[in-house]
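# Architecture at a glance
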Amino acid sequence: QVMLVESGGGLVQAGGSLRLSCAASGNIFSFSINAMGWYRQAPGKQRELVAAITSGGITNYADSVKGRFTISRDNAKNTVYLQMNSLKPEDTAVYYCNVNGRGPYGPRDYWGQGTQVTVSS
């Protein structure tokens, strides 16, 4: 089992910055990671992919956050980050960390508990 613990959310004004962290713990050595990513879900909207990074280091971003957000990882700390700059009110959402890969019993996804990001105008 793999557990993801998120931190770093909060309330900021438009134009501000936040850095989200997602630390993995548990039996991570038996889990082969394919990709890690951040999703968000705003009130009344579907969950959407914000940013992802593959095991090979390839990144992908939603058009709405390109140039403002950066996803990165620290393998030594088993942690993935999302640096969010120039935040806009439309970035307000619950942000979820995701790890996709394969474990002893097949492919699966692990999700963080979610962290609230609120950007005031």
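Further up the page is the structure itself.
Attention in this report is confined to the structure presented alongside it. (Residues numbered from 1 in each chain as written. Predicted model: local features only at pLDDT ≥ 70, side-chain atom pairs only at ≥ 80, totals over all residues. Heavy atoms only, no water.)

All right, on to the environment of Ala14 then. Assignment of secondary structure puts Ala14 in the loop between β2 (10-13) and β3 (18-26). Relative accessible area serves as the criterion here: at 44%, Ala14 is assigned to the partly exposed category. Residues Ala14 and Trp38, spaced 24 residues apart in sequence, show a C-alpha to C-alpha distance of 20 Å. Ignoring any residue separated from it by four or fewer positions in sequence, one finds Ala14 in contact with Leu87, Pro89, Val119, Ser120 and Ser121. (Helix = DSSP H or I, 4+ residues; strand = E, 2+ residues; numbered from the N terminus. Buried < 20%, exposed > 50% of the residue type's maximum accessible area, 1.4 Å probe, protein only. Contact = heavy atoms within 4.5 Å.)

So, about the nonpolar core. Ranked by internal contacts, the top residues of the largest apolar core, which has 30 residues, are Trp38, Phe69, Ile71, Leu82, Met84 and Tyr95. Sorting the residues of this core by element identifies β1 (2-7), β3, β4 (32-41), β5 (48-54), β7 (69-74), β8 (79-84), β9 (93-103) and β11 (115-120) as the ones contributing at least two each. Ranked by residues supplied to this core, first place goes to β9 with four residues. In contact with Met84, not counting residues within four places along its chain, are Gly16, Ser17, Leu18, Leu20, Arg68, Phe69, Tyr95 and Val117. (Core = buried A, V, L, I, M, F, W, Y, C linked by side-chain atoms within 4.5 Å.)

Tallied over the entire structure, the rule returns one disulfide. Each disulfide pairs two cysteine sulfurs, and for Cys22 the partner residue is Cys97, the sulfurs being separated by 2.1 Å. Classification of the bridge connecting Cys22 and Cys97 rests on its S-S torsion, roughly -80°, and on that basis the disulfide is left-handed. Separated by 75 residues along the polypeptide, Cys22 in strand β3 and Cys97 in strand β9 bring together distant segments of the chain. Of the residues examined, Cys22 reaches a relative accessible area of 2% and is grouped as buried. (Disulfide = S-S within 2.5 Å.)

What follows concerns the pairing of β7. Relative to β8, β7 runs antiparallel, the two sharing six bridges. Each residue of the ladder has a partner; that of Thr70, found in β8, is Gln83. (Pairing = 2+ DSSP bridges.)

The subject of this paragraph is the packing of aromatic side chains. Evaluated as defined, the whole model comprises two aromatic pairs. A ring pair is formed by Phe31 and Tyr110, whose centres lie 5.2 Å apart and whose planes are at 75°; its orientation type is edge-to-face. Separated by 79 residues along the polypeptide, Phe31 in the loop between β3 and β4 and Tyr110 in strand β10 (residues 106-111) bring together distant segments of the chain. Judged by its relative accessible area of 9%, Phe31 falls in the buried class. Here the basic side chain of Arg47 rests over the ring of Tyr96, its NZ or CZ set 3.9 Å away from the ring centre. Stacked on the ring of Trp111, the Lys or Arg Arg47 has its end atom at 4.8 Å from the ring centre. (Phe/Tyr/Trp six-rings, centres within 6.5 Å; stacked < 30°, edge-to-face > 60°. Lys NZ or Arg CZ within 6 Å of the ring centre and 35° of its normal.)

Spatial ordering of the open sheet is given by β1-β3-β8-β7, a layout of four strands whose pairing is antiparallel. This sheet does not close on itself; its edge strands, each paired only once, are β1 and β7. Strand-to-strand, the axes of this sheet are offset by a mean angle of 15°, without reference to chain direction. As defined by bridge partners, β1 adjoins β3 across six bridges and the pair is classed as antiparallel. For Glu6, the partnering residue across the bridge sits in β3 and is Cys22. (Axes fitted to C-alpha atoms, helices over the stretch in contact; angles between N-to-C directions.)

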